[in-house]
Amino acid sequence: MSETQGPILVIKEKIGFIGGGNMAKAICEGIIKKGLSNYQQIHVSGPNIDNLDWWAKRGAHIYTENGRIVEHADVIFLAMKPHILPSAIVNVHETLNLPVHSKLFVSILAGIQLEQLTNVLSPIEDCARIIRVMPNTPMMVGEGCTAFCPGSKATPRDIQLVKAILDVSGVCKQVPESMINAIGALSGSGPAFIYLIIEALADATVKQGIPRAMAIEMAAQTTLGAAKMVLETGKHTAILRDEVCSPGGTTIAGIQALENGGVRAALFNAIEAASKRAAELGHKKS
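Residues numbered from 1 in each chain as written. Predicted model: local features only at pLDDT ≥ 70, side-chain atom pairs only at ≥ 80, totals over all residues. Heavy atoms only, no water.

(A) Broad picture of the sheet that holds strand S4 (residues 75-78). Pairing within the open sheet is mixed, and its 8 strands lie in the order S3-S2-S1-S4-S5-S6-S7-S8. Looking along the sheet, the strands with just one partner apiece sit at the ends: strand S3 (61-63) and strand S8 (170-174). Direction aside, the axes of adjacent strands within the sheet are offset by 20 degrees on average. Bridging between strand S2 (residues 42-45) and S3 involves 3 bridges; their strand directions are parallel. Within S3, the position partnered with Val44 by the bridge is Ile62. (Pairing = 2+ DSSP bridges. Helix = DSSP H or I, 4+ residues; strand = E, 2+ residues; numbered from the N terminus. Axes fitted to C-alpha atoms, helices over the stretch in contact; angles between N-to-C directions.)

(B) Examining the packing of aromatic side chains more closely. If you walk through the whole model with that rule in mind, you get 4 aromatic pairs. Seen in terms of ring centroids, Tyr39 and Trp54 are 6.4 Å apart; in terms of plane orientation they differ by 80 degrees. Their pairing is edge-to-face. Taken together, the residues Tyr39 in the loop between helix H1 (22-33) and S2 and Trp54 in helix H2 (residues 53-57) connect sequence positions 15 residues apart. Classification of Tyr39 as buried rests on a relative accessible area of 9%. Considering the side-chain rings of Trp54 and Trp55, the 4.9 Å spacing of their centres and the 80 degrees angle between planes classify their relative orientation as edge-to-face. (Phe/Tyr/Trp six-rings, centres within 6.5 Å; stacked < 30°, edge-to-face > 60°. Buried < 20%, exposed > 50% of the residue type's maximum accessible area, 1.4 Å probe, protein only.)

(C) A look at helix H7 (residues 180-188). Listed as buried for H7 are Ile180, Asn181, Gly184, Ala185 and Ser187. Buried residues along H7 sit against strand S6 (129-134), strand S7 (144-150), helix H8 (190-207) and helix H12 (263-283). (Contact = heavy atoms within 4.5 Å.)

(D) Representation of the pairing of strand S5 (residues 104-107). Of the two faces of S5, the one carrying Leu104 and Val106 and the one carrying Phe105 and Ser107 are both buried. The pairing of S4 with S5 spans 4 bridges and is classified as parallel. Counted as the bridge partner of Leu78 is Ser107 from S5. Pairing between S5 and S6: 4 bridges, direction parallel. In the sheet register, Ser107 faces S6, and the bridge partner there is Arg132. For the segment spanning S5, helix H5 (residues 114-121) and S6, crossover handedness is right-handed. (Right-handed = clockwise from strand over helix to strand, strands pointing away.)

(E) Summary view of the pairing of S8. With 5 bridges connecting them, S7 and S8 associate as parallel partners. Residue Cys145 lies in a different strand from S8, and its bridge partner there is Val171. What joins S7 to S8 is helix H6 (residues 156-167), and the crossover it makes is right-handed.

(F) A look at a nonpolar patch on the surface. On the surface, a cluster of nonpolar side chains totalling about 450 Å² of accessible area is made up of Ile194, Ile197, Leu201, Leu258, Val263 and Leu267. Of all elements in the fold, only H8 and H12 reach the threshold of two or more residues within the nonpolar patch. Among the elements that make up the nonpolar patch, the one with the highest residue count is H8 (3 residues). With respect to the secondary-structure elements, Leu267 resides in helix H12. On the basis of relative accessible area, Leu267 is assigned to the partly exposed category, the value being 36%. (Patch = residues over 30% accessible without salt bridge, like charges linked within 9 Å, V, L, I, M, F, W, Y side chains within 5 Å. Areas by Shrake-Rupley, 256 points an atom, 1.4 Å probe, with all protein chains shown as cover. Salt bridge = Lys/Arg side-chain N within 4 Å of Asp/Glu carboxyl O.)

Listed below in structure tokens is the structure:
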């Protein structure tokens, strides 16, 4: 499926996206920046051709008919909103000019299980090869955090290919499907939670008299630095926290304020709410 049968250095397959939104862009940018593919190999569809201008300017092939994606691409990312899936597949069926086989479908749809995907795709390709993926937008800057779960028909080579696509843009883990919603709540929704925290830290710093641009830059860098300390030192977060908290000092006073404000409980609730919503989306009828 690629230029070599060993590690995937260059992706030879044509890659398609049904849905050209932010997550599709993040995945594509990751592999393009690393030189695994190029925009001439990319095919994207959406209901409004004007909304695909970002892709057209970069040289990707764009369509309003989803069937063109299934015809032209070897790997097809289902990148629409979850509730759009049934109508998007109907459009594939209606605009497909010829029978297809040996296509790999990769779903990034929150909450939609492998069994549901198999049923929805069956009119297009019986026993379709499917891999379910939970990516996140930091893939655009090479710091993604993704998880994937292969369906029963996915081959070892399919898994290797999808992992290669995801690995180039950060951390990628294969997990059981039972973990996907919880991981999606953390890695998929988590960046928005972190942006809110950075914004709040910056606002609080502005209140102390620091210019906003400087406050945002320093809040973001502080967050980045703390994250790298966790990843590169291998120390437990509690140990790293204690290393900053001097007895009777400024940091422990701030920690007490955070605990009094219920920050820990709020983050518990955020992850639980996002995971629960993903499960609801999987059972929602369009």
